[in-house]
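# Understanding the architecture of this molecule
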Amino acid sequence: MTKEQKAKAKKEQMKGKGKEAMGRAVGNERMTAEGRAEQMKGDARQAKEKAKDVFKR
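So, here is what we can say about the structure in this document. Quantities reported herein were computed from a predicted structural model and do not represent experimental measurements. (Residues numbered from 1 in each chain as written. Predicted model: local features only at pLDDT ≥ 70, side-chain atom pairs only at ≥ 80, totals over all residues. Heavy atoms only, no water.)

A few words on the overall build of the chain. The number of helices and strands found in the chain is 2 helices and 0 strands. Computed over C-alpha atoms, the radius of gyration of the chain comes to 13 Å, more than 25% over the 10 Å expected from 2.2 N^0.38 for 57 residues, which places it beyond the range of a compact globule. With respect to the three principal axes, the spread of C-alpha positions in the chain is 45 × 15 × 10 Å. Of all 57 residues assigned to the chain, the portion counted as buried reaches 26%. Considering only intrachain contacts with a sequence separation of at least 6, the fraction spanning at least 24 residues in the chain is 52%. (Helix = DSSP H or I, 4+ residues; strand = E, 2+ residues; numbered from the N terminus. Rg over C-alpha atoms; globule rule 2.2 N^0.38 Å. Buried < 20%, exposed > 50% of the residue type's maximum accessible area, 1.4 Å probe, protein only. Contact = heavy atoms within 4.5 Å.)

Shown next, in the form of structure tokens:
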């Protein structure tokens, strides 16, 4: 996994967790859902990069 892509995936995951927590704190369901979506996007990016690494070997 390239360091740049790995960092981008982690950033998306952390941003999503923060947004989800903030949404829960203020009772905003839309913000909570957006946070979960960002986390899933980061998870998918990370999984994609890991799969690339497996096939390179």
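Read on, since the account is not over.
Right, let's get into helix H2 (residues 29–56). Look at H2: 41 Å from first C-alpha to last across 28 residues, which is about the 40 Å you get at 1.5 Å a residue. If you check which residues of H2 are buried, you get Thr32, Gly35, Glu38, Gln39, Gly42, Arg45, Gln46 and Glu49. Looking at the buried side of H2, the elements it contacts are helix H1 (3–26). Where H2 begins, one side-chain oxygen reaches toward the backbone nitrogen of Arg30, 3.0 Å away; that side chain belongs to Asn28. (Expected span 1.5 Å × (residues − 1). Polar contact = N/O pair within 3.5 Å; in protein donor to acceptor, adjacent residues only side chain to side chain.)

Another point: the environment of Thr2. Relative to the elements of secondary structure, Thr2 occurs in the segment before H1. When the C-alpha atoms of Thr2 and Asp53 are compared, they prove to be 9.0 Å apart, with 51 residues separating the residues in sequence.

Let us look at the packing of H1 against H2. At a minimum axis separation of 7 Å, H1 and H2 run at an interaxial angle of 160 degrees. Taken together, H1 and H2 sit at an angle that is classed as roughly antiparallel. H2 is crossed by H1, and the crossing has left-handed handedness. Taken together, the residues of the contact of H1 with H2 sort by class into 3 nonpolar, 9 polar and 15 charged. (Axes fitted to C-alpha atoms, helices over the stretch in contact; angles between N-to-C directions. Parallel < 35°, antiparallel > 145°, perpendicular 65-115°, else oblique. Left-handed = near helix turned anticlockwise from the far one by under 90°. Nonpolar A, V, L, I, M, F, W, Y, C, P; charged D, E, K, R; others polar.)

As enumerated under the stated definition, the model contains 8 salt bridges in all. The salt bridge involving Glu38 is made with Lys19; its shortest N-O contact spans 3.1 Å. Remark: Lys19 occurs in helix H1 and Glu38 occurs in helix H2; sequence separation between them is 19 residues. Overall, Lys19 belongs to the partly exposed group, its relative accessible area being 25%. Here Lys52 ties to Glu49 by a salt bridge, and the two come within 3.4 Å at their closest N and O atoms. Taken together, the residues span about one helical turn, with Lys52 and Glu49 both in helix H2 at a distance of 3 residues. When its relative accessible area of 4% is taken as the criterion, Glu49 is described as buried. (Salt bridge = Lys/Arg side-chain N within 4 Å of Asp/Glu carboxyl O.)

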